[in-house]
Structure formats: C-alpha cells, structure tokens
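# Close look at the chain arrangement
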Amino acid sequence: MTTMPSKTMVLPSDQDSSGRDLGAEELELLEQVIRSGTLTSTKGSFTRTLEERFAATLGVKRAYACASGTAAVHVAVAALDPNPGDEIVTTSITDMGALTPILYQGAIPVFAEVDPQTLNVTAASIEACLSERTKAIVVTHLFGSACEMAEIMKLAQSRKIPVIEDCAQAFLARSDGQYVGTFGTIGCFSTQQGKHMTTGEGGIVVSNDDALARRMFLFINKAWGYGDAKPDHYFLSLNYRISELQGAVALAQLEKLESVVERRVAAADKLTNMLAGIPGLKTPRVEPGAVHTYWKYCLNVDDSVIRDGAIGLAKLLKDRGIMSAPRYIQKPAFMCEIFQKRRTFGSSQFPFTLARPEVLDYSKERFPLTFKALHDVLVLPWNERYRDEHLEYIAESIQESVEQLSI
Ligand SMILES: *Cc1c(COP(=O)(O)O)cnc(C)c1O
C-alpha cells in the first residue's frame, strides 16, 4: 500500500514565468526594436550586438544567431560540406534536432556508445566508430555536463577530423576550466524555451575558424554574399535568420546568463549534498576542473536496490508533484521510425542507400551501454529559481520514495 503525501509543493518551471527570468530588460529592448521599425536582422543592430557579445562571453572569434538549435547543428554540418555518404560520428542519446541535419546534408550518422553514468560519448567510444569515411564528430554535452574534451580533441586532432560541439544543454559548462563550444571546430547552442537562456525558439553557432565562420554566415543567409563586390547565391542553403525581436530578447537574456548558471549550480550542489549516501542512487559526477551547469539534474537509479528503478521512483515523485523523466528520451534515436524505416526523401531512403551496412545495424546488442544508461537515468527538472524549501522538498521526496521502494 502506498501512502499519498498530504501536500505537494509547486516547483518553478522553465515553461512559464514561474521559472524564467523574463521581464523589464527584455521588454525595454523589445520596445526599442518595435519603435525603430526595423525587424529584420539584416538591417537592425540588436542581433549583431548579440552575436558580438555572445562571442566575447565565450572568448571566440565569431558567433551567428540562427533559427533554432536544430538550425545551428544544420549550419555546422553544412559548413563542413560533407559529400553524400560521408559519416558523422555522434550519439543516439540527444535531441532529434541534432541528428536530422546530418541526413539533410546527405551524411550518415554513426552512433557511438556512451558513458552509462553521464550518458555522454567518450574518446574511446568515438574511436571505435571512426572509419575512412568519417567526415566529422558531433559531441553533445548532455544535461549541462561536458564530455571529456581533452581526450576527444586529442583523438580528433590526431586524425584531422573536425569536431562539432552541441552545447544546447550546456551554456557556460566547462571541461578543464575551458568553456564547451570552444574546443571543437564549431559550437552550437539553442535558445528554445527550456534552455539556460531563451527566446522561445532560436540558436547560435560559434567558431574560431574564419573560413568556416564565413560558410556558416552564408548558410544562414541563403548563401547570399552580403557586402561582397559582386554578391551572388553561392551554394545551396536556407534562410535561418532570427528577427530583431528575438535578437533583442536574446541580448537581455545573455546579460542574465551568468547569474542563471550560478544559481543553477549552487542549487544543484546543495541537492547533491542532501542526497549523499542514499542506497541505489548516483548523483551527478563532476570531473576535477569541470563545471556542470545543470540543464537538468540526473540521477542513476539501480533497480537491484530500488524496486522498478527509475520508473518506480518517478511514479512516486509524480504523486508529490515532481515531474521527472525516467529514461530521458525513452529510446535511442535509432529506434525512431526515421532510422528504422529510413523515411527521408520520397521513397529513395537517401542517404541511407549510401551507407556501409554495418553502420545501419541498430540491433540492441551493439549498444549495451546506451540502453543501460537510458534504463537507469532519472531526469529531474531543474531551475535557477529553486530555493532551499524546494530543494529540501525534492530531497525529502526522493529519500522517502527510495525508502518505500527499497528491496
Ligand atoms: C534542444 C536541443 C537541440 C535542438 O534545439 P531546438 O532549438 O529545439 O531546435 C539540439 N540538441 C540538443 C542537445 C538539445 O538539447
């Protein structure tokens, strides 16, 4: 018999004003944009200023805003200009928006295994996937926790393979003291509603490489050579610009980013202390020199100690108003129809038709760590507005639920 908790607490949420720092600063800049009458970023200055300040924040040469995190990954892949059938090594535990751009550019995602605790790819798991046809590596810093970048960059540089970092969940996260997004060739960010800074929808790409930055800018702008002596549409691309309205909101949000990150980290550190020593639970692992910026707070749940593991614990937490996500995306991306049925362009199955058969082998036995990682993970919502009372409530709810489920 389960005892229902007598009262539940409503936690601040990133889906509305309870958990978002949106206010007077955004409104002030938005009003300036509206009064200026210039809503396109090709003529206004807000988006350009955002790009300059974002680049300065990370200490990189160039940043360009674009329509979404998905667009950001598309821009990055397109800038590297793969040939059809080229392979891009990446992860199957990510947002689908980090994978479909690879297929749109005619390349083949090759899925590396992951660390079962962090769910991130590793240098060793990437190395096992490299081939003559590897054109690039895309790493995703999941949940705000950096991949092991020193090892990954060493591997990539020894093979001269460019690295794209998907930092959509990892604004201002660090590995060995250095910001993610600045290790690889290109860094990608999302400003979707639930990310560390938000414009509802939006994205940003960054790079220190001038030639690639030029291609990134062009891909966002229909490859039109703005400012060139004889501009033309130089190659196949899209309009992935944001408007000045988003540029203004992003600019105000960027001012708050450091504070948002600090508050998220401080709250997470408190919860980690409160949860220390609970049998069957692992709290987030943070390497020396790394800064985890907690897009979410993940636990790994051992179902030989806690009955029904992550799913059992999530059910009890839900009764207490804590809406966690057991198993995160539920299944690896390659289990989705787009990969299983190769639903791409008409009935062509392009670009899967160009792939080596072994990289299309999505059988479960090939990905034991990926399945194990998803089986064990419990993703707790996280927010910079969590106060001590929220953290105590979360910790107490977890403790009591684990006791109830202990085997
Ligand atoms: C959110 C996210 C994306 C996609 O961003 P959108 O802005 O939703 O298109 C890509 N990769 C990761 C890791 C994400 O979390």
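Refer to the structure printed above.
Below, the structure is looked at part by part. Source: prediction; values computed, not measured. (Residues numbered from 1 in each chain as written. Predicted model: local features only at pLDDT ≥ 70, side-chain atom pairs only at ≥ 80, totals over all residues. Heavy atoms only, no water.)

## What to know about the site of the ligand
- Close to the ligand lie 14 residues; Gly69, Thr70, Asp166, Ser190 and Lys195 are nearest.
- In the environment of the ligand, an oxygen atom lies 2.7 Å from a nitrogen or oxygen atom belonging to the backbone of Gly69.
- The side chain of Thr70 places a nitrogen or oxygen atom 2.5 Å from an oxygen atom of the ligand.
- Burial of the ligand by the protein amounts to 92% of the accessible area it has alone, namely 380 Å². (Near = heavy atom within 4 Å. Polar contact = N/O pair within 3.5 Å; in protein donor to acceptor, adjacent residues only side chain to side chain. Areas by Shrake-Rupley, 256 points an atom, 1.4 Å probe, with all protein chains shown as cover.)

## A look at the side chain of Glu113
- Along the polypeptide, Glu113 turns up in the loop between strand E3 (108-112) and helix H5 (123-127).
- The charged side chain of Glu113 is buried without a salt bridge, its nearest counter-charge being Arg366 at 9.0 Å.
- Reaching out from Glu113, the side chain makes a polar contact with the backbone nitrogen of Leu369 at a distance of 2.9 Å.
- In terms of polar contacts, Glu113 uses its side chain to reach the side chain of Thr370, at 2.5 Å.
- When residues no more than four places from it in sequence are discounted, the contact partners of Glu113 are Val121, Thr122, Ser125, Arg366, Phe367, Pro368, Leu369 and Thr370. (Helix = DSSP H or I, 4+ residues; strand = E, 2+ residues; numbered from the N terminus. Buried < 20%, exposed > 50% of the residue type's maximum accessible area, 1.4 Å probe, protein only. Lys, Arg positive; Asp, Glu negative; His and termini not counted. Salt bridge = Lys/Arg side-chain N within 4 Å of Asp/Glu carboxyl O. Contact = heavy atoms within 4.5 Å.)

## A short note on the sheet that holds strand E8 (residues 186-190)
- Taken together, the seven strands give an open sheet; going across it, the order is E1-E9-E8-E5-E4-E2-E3, and neighbouring strands pair in mixed fashion. Sheet topology places strand E1 (62-66) and E3 at the edges, where each strand pairs with a single neighbour. Along the sheet, successive strands turn relative to each other by an average axial angle of 20°, direction set aside.
- The sheet contact formed by strand E2 (residues 87-91) and strand E4 (residues 134-140) spans three bridges and is parallel. By the bridge assignment, Ile88 is partnered in E4 with Ala136.
- On the sheet, helix H3 (residues 69-80) packs against E1, E2, E4, strand E5 (163-166), E8 and strand E9 (203-207) and is oriented at approximately 165° with respect to E8.
- Helix-sheet contacts for helix H7 (residues 210-220) involve E1, E8 and E9, and the interaxial angle to E1 is about 15°. (Pairing = 2+ DSSP bridges. Axes fitted to C-alpha atoms, helices over the stretch in contact; angles between N-to-C directions.)

## A look at the pattern of salt bridges
- If you walk through the whole model with that rule in mind, you get 23 salt bridges.
- Where Arg53 meets Glu255, a salt bridge forms, and the shortest distance between an N and an O atom there is 3.7 Å. Residue Arg53 is located in helix H2 (residues 46-58), and its partner Glu255 is located in helix H8 (residues 244-274); the two are separated by 202 residues in the primary sequence.
- By relative accessible area, Arg53 is classed as partly exposed at 40%.
- Classification of Glu255 by relative accessible area gives exposed; the value is 58%.
- Each member of the salt-bridge network shares a partner with another, and the members are Arg20, Arg264 and Glu384.

## Thoughts on helix H9 (residues 309-319)
- For H9, the complete set of buried residues consists of Gly309, Ala310, Gly312, Leu313, Ala314, Leu316 and Leu317.
- Against strand E10 (281-282), strand E11 (297-301), strand E12 (325-326), helix H11 (368-376), strand E13 (377-380) and helix H12 (388-405) lie the buried residues of H9.
- Positive backbone phi, at 80°, marks Gly321, one or two positions downstream of H9.

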